[in-house]
Amino acid sequence: IISQDVEDFLGSRYGRTVVNNSSMQILLKQSTAAIDRVAQIFGLTEGEKFLLLECEVGEGLFFAGLNHVALKVIASYTEDRLITTDPRELLEMQSQEENKEKEEVGK
């Protein structure tokens, strides 16, 4: 199960059950409004809290049982092209597509 807002899980009895019964979890960047509750539920250290507040896109913590490790997810080129919302990348892809169409018409 995945959500962009940890409160989706922590705010209900069923959501807490899902979290408690998951053998693995990944937490990515958290808001300052949510970090204290997240830290309490997941037993975060001060360093882990800081990491979740300051990390970049794709960075966070991976939990397997009682073990916590820092994580950085790197999308492949194809994955990045499918999921990007970066306006610069989208404009570049649009420009590449238009150039490809022009080349095909010119053949």
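Preceding block: the structure.
Residues numbered from 1 in each chain as written. Predicted model: local features only at pLDDT ≥ 70, side-chain atom pairs only at ≥ 80, totals over all residues. Heavy atoms only, no water.

A. Spotlight on the overall build of the protein. If you tally the helices and strands in the protein, you get 6 helices and 3 strands. Along the protein, helices (α) and strands (β) appear in the sequence α-α-β-α-α-β-β-α-α when read from the amino end. The globule rule puts the C-alpha radius of gyration for 107 residues at 13 Å, and the 19 Å found for the protein is more than 25% above it. Projected onto the principal axes, the alpha-carbon positions of the protein cover approximately 60 × 30 × 25 Å. Across the 107 residues that make up the protein, the buried fraction comes to 22%. Of all intrachain contacts in the protein linking residues separated by at least 6 positions in sequence, the fraction that spans at least 24 positions is 37%. Just so you have it, the protein exposes about 8,300 Å², and 54% of that area is on carbon and sulfur atoms. (Helix = DSSP H or I, 4+ residues; strand = E, 2+ residues; numbered from the N terminus. Rg over C-alpha atoms; globule rule 2.2 N^0.38 Å. Buried < 20%, exposed > 50% of the residue type's maximum accessible area, 1.4 Å probe, protein only. Contact = heavy atoms within 4.5 Å. Areas by Shrake-Rupley, 256 points an atom, 1.4 Å probe, with all protein chains shown as cover.)

B. Region of interest: the pattern of salt bridges. Enumeration over the complete set of coordinates arrives at 4 salt bridges. Measuring nitrogen to oxygen at the nearest pair gives 3.7 Å for the salt bridge that ties Glu59 to Lys72. With Glu59 in strand 2 (residues 59-64) and Lys72 in strand 3 (residues 67-72), the pair connects residues that are 13 residues apart, well separated along the chain. With a relative accessible area of 21%, Glu59 lands in the partly exposed category. Under the relative-accessibility criterion, Lys72 is labelled exposed at 55%. One salt-bridge network, in which partners are shared between bridges, spans Asp36, Glu46 and Lys49. (Salt bridge = Lys/Arg side-chain N within 4 Å of Asp/Glu carboxyl O.)

C. Expanded view of helix 4 (residues 46-54). Among the residues making up helix 4, those that are buried are Glu48, Lys49 and Leu52. For helix 4, the angular spread of the buried residues around the axis is 105°, confining them to a single face. Of the residues in helix 4, the exposed ones pointing more than 90 degrees away from the buried face are Glu46 and Phe50. For helix 4, the secondary structure elements touched by its buried residues are strand 1 (24-28), helix 3 (32-42), strand 2 and strand 3. (Arc of directions from axis to C-beta.)

D. A negative patch on the surface, seen in detail. Among the surface-exposed residues, Glu97, Glu98, Glu101, Glu103 and Glu104 lie close enough to one another that they form a single negatively charged patch. Counting through the fold element by element, Glu104 comes out in helix 6 (residues 87-106). (Patch = residues over 30% accessible without salt bridge, like charges linked within 9 Å, V, L, I, M, F, W, Y side chains within 5 Å. Lys, Arg positive; Asp, Glu negative; His and termini not counted. Charge placed at Lys NZ, Arg CZ, Asp CG, Glu CD.)

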